[in-house]
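Analysis of the macromolecular model
Given next are the chains, with one letter for each unit.
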Amino acid sequence: MKCSRCGREAVYFARYEGRYYCHKHFNELVEGKVKRTIRKYRMIKRGERIGVAVSGGKDSVVLLHLLAKLRKKFPFEIVAITIDEGIKGYRDKSVEVAKKNAELLGIEHHIYRFKDYIGFTLDETVEIMGARGERLGACSYCGVWRRWLLNKAAEELKVDKLALGLNLDDEVQVFLMNLMRGDVARLGRTGPYYEVVHEGLVPRIKPLREVPEKEIVLYAVLNNIEVDLSECPYAVEAFRAEIRDWLNEMEEKHPGTKYQLLRSYDKIFPLLAKTYAKEVKLNRCKLCGQPTSGEICKACQFRLQVHERAKLKFSLSDKNGEDHRNSSFHRGA
């Protein structure tokens, strides 16, 4: 097939608009969406220092490359931030990919590890708490600690905003999950901008929110960008997977479904943001000083919970005469 714009060989067909794109014009398609999103919501201003959360996966690495390209014409600083949760056989590979890409682009790069700031790797947490310890899975601990550590890193590195590699599919999935759970308040806090920026919380931006996941994958392939495509061994959230599969099925039957859902959310978001943003009253956590709605933040609650379970588990092991010296927690303690 031929490119709808220039007649050259096409590499991509955008079913949602019925157009074919060659390599050159496909790049312009993706880059144009990102530029328009940043401009529309004034995500980045000249001279700002932007932190980019780079896991090494396709979304975050492509975002890093796109922002690096954009800053050539629109000057701002970039610093890459990688969170190492401590997942053996998975995160160590993706951290190296993140490091390589940052070096290639000449971007300052910092790695923050769960072990150093939380006291436990995610693997150790699962070993201590069990796969579904305290009725929570690994993803629950990981999500809370990642958000906490990203904000802490952004504060320490003095960035003005934190860019996340959340794409169109991610945005629509979260919208539907919150809607089906009846979590209207959260819908007022996860949109394209912040109605209120709370002291101590670094604003987060999502420049890829208009770009479908498959376009990000293709952009990486066509432009020889090294990314880690492996899946986290703990990523088993069934509800999200069901929403993802349903959305993909609807997109196949009705091209443009994902964009229509995003547009619907963006229309109601301003009303929700004004209603619920003012209701949130944040204090400072008594243990770590990070913003929280209670006295102790969720990250510290989880940390204390795991610490207490670890002490109990290994004290019982000692009493029973069990040798736990070879456990991953004992090696890292």
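Above this text is the structure in question.
Once a new chain begins, its residue numbering starts again from 1 and follows that chain's sequence as written. In keeping with the model being predicted, local features are shown solely for residues with a pLDDT of at least 70 and side-chain atom pairs are shown and tallied solely at 80 or more, while totals for entire chains, interfaces and linings include all residues. To get the side-chain values, all heavy atoms of the structure are used, and hydrogens and water are removed first.

Observations concerning the overall build of the protein
- Secondary structure elements are taken from DSSP: a helix is a run of H or I of four residues or more, a strand is a run of E of two residues or more, and numbering for both begins at the N terminus. When helices and strands are counted, the protein shows 13 helices and 9 strands.
- The classification of residues rests on relative accessible area computed with a 1.4 Å probe and restricted to protein chains. Under 20% of the type maximum is buried, over 50% is exposed, and intermediate values are partly exposed. Residues classed as buried in the protein amount to 47% of the 333 residues present.
- The contact criterion used is simple: two residues touch if any of their non-hydrogen atoms lie within 4.5 Å. Taking as baseline every contact in the protein between residues at least 6 positions apart, the subset at least 24 positions apart corresponds to 73%.

Some words on the packing of aromatic side chains
- Two aromatic rings from Phe, Tyr or Trp, using only the six-membered ring of Trp, form a pair when their centres are within 6.5 Å; if the ring planes differ by under 30 degrees the pair is stacked, by over 60 it is edge-to-face, and anything between is tilted. A complete count under the given rule lists 12 aromatic pairs for this structure.
- Every member of this aromatic cluster is reached through a ring pair, and the members are Tyr41, Phe175, Tyr193, Tyr265 and Phe269.

Describing unusual backbone geometry
- We note that Arg42 has phi near 50°; this positive angle belongs to a residue other than glycine.
- Within the secondary structure, Arg42 sits in the loop between α1 (23-40) and β3 (49-53).
- For Arg42, a relative accessible area of 67% gives the class exposed.

As for the nonpolar core
- We call a set of buried Ala, Val, Leu, Ile, Met, Phe, Trp, Tyr and Cys residues a nonpolar core when their side-chain atoms join them within 4.5 Å. Core analysis: the biggest nonpolar cluster contains 38 residues, and Phe26, Ile44, Val52 and Leu67 have the highest contact counts within it.
- In terms of residues, this core owes the most to one element, helix α2 (residues 58-70), which gives 8 residues.
- Excluding its chain neighbours within four sequence positions, the residues that come into contact with Phe26 are Val11, Tyr12, Tyr21, Glu215, Leu218, Tyr219 and Leu222.
- Core analysis: the second largest hydrophobic core is formed by 37 residues, Ile87, Phe114, Phe120 and Val306 among them.

Here we look at the pairing of β3
- Most of β3 sits out of view: 5 of its 5 residues are buried.
- With burial as the criterion, each face of β3 is covered, one bearing Arg49, Gly51 and Ala53 and the other bearing Ile50 and Val52.
- Whether a crossover is right-handed comes down to one check: with the strands pointing away from the viewer, does the path from the first strand over the helix to the second run clockwise; if it does, it is right-handed. Viewed along the sheet, the connection from β3 through α2 into strand β4 (residues 77-84) turns out right-handed.

Looking at the side chain of Ser94
- Relative to the assigned elements, Ser94 resides in helix α3 (residues 91-105).
- Among the polar contacts made by the side chain of Ser94, one reaches the side chain of Arg91 at a distance of 2.6 Å.
- Residue contacts for Ser94: discarding those within four places in its chain leaves Ser55, Gly56 and Asp228. Between N or O atoms, a polar contact is any pair within 3.5 Å; within protein, one atom must be a potential hydrogen donor and the other a potential acceptor, and residues adjacent in sequence are included only when both atoms are from side chains.

A few points about the sheet that holds β3
- With respect to topology, 5 strands assemble into an open sheet ordered β5-β4-β3-β6-β7, the strand pairing being parallel. Single-partner strands in this sheet number two, and they are β5 (108-113) and β7 (204-205).
- Two strands make a pair as long as DSSP finds a minimum of two bridges between them. Of the pairings in the sheet, the one linking β3 to strand β6 (residues 161-163) comprises 3 bridges and is parallel in character. Bridging from a neighbouring strand, Val52 pairs with Ala163 of β6.
- Only the stretch in contact is used when a helix axis is fitted, and all axes are lines through C-alpha atoms; the angle between N-to-C directions ranges over 0 to 180 degrees. Contacting β4 and β5, α3 crosses the sheet at an angle of about 170° to β4.

Comments concerning the side chain of Arg204
- Residue position: Arg204 is located in strand β7.
- Of the polar contacts made by the side chain of Arg204, one reaches the backbone oxygen of Arg147; its length is 3.0 Å.

So, the pattern of salt bridges
- A pair is scored as a salt bridge if a Lys or Arg side-chain nitrogen falls within 4 Å of a carboxyl oxygen belonging to Asp or Glu. By the definition in use, this model includes 27 salt bridges.
- As a salt-bridge pair, Glu156 and Lys152 come within 3.9 Å of each other at their nearest N and O atoms. Placement of the pair is Glu156 and Lys152 together in helix α6 (residues 138-156), with a separation of 4 residues, close to one helical turn.
- Between Arg209 and Asp266 there is a salt bridge; the shortest N-O distance is 3.0 Å.

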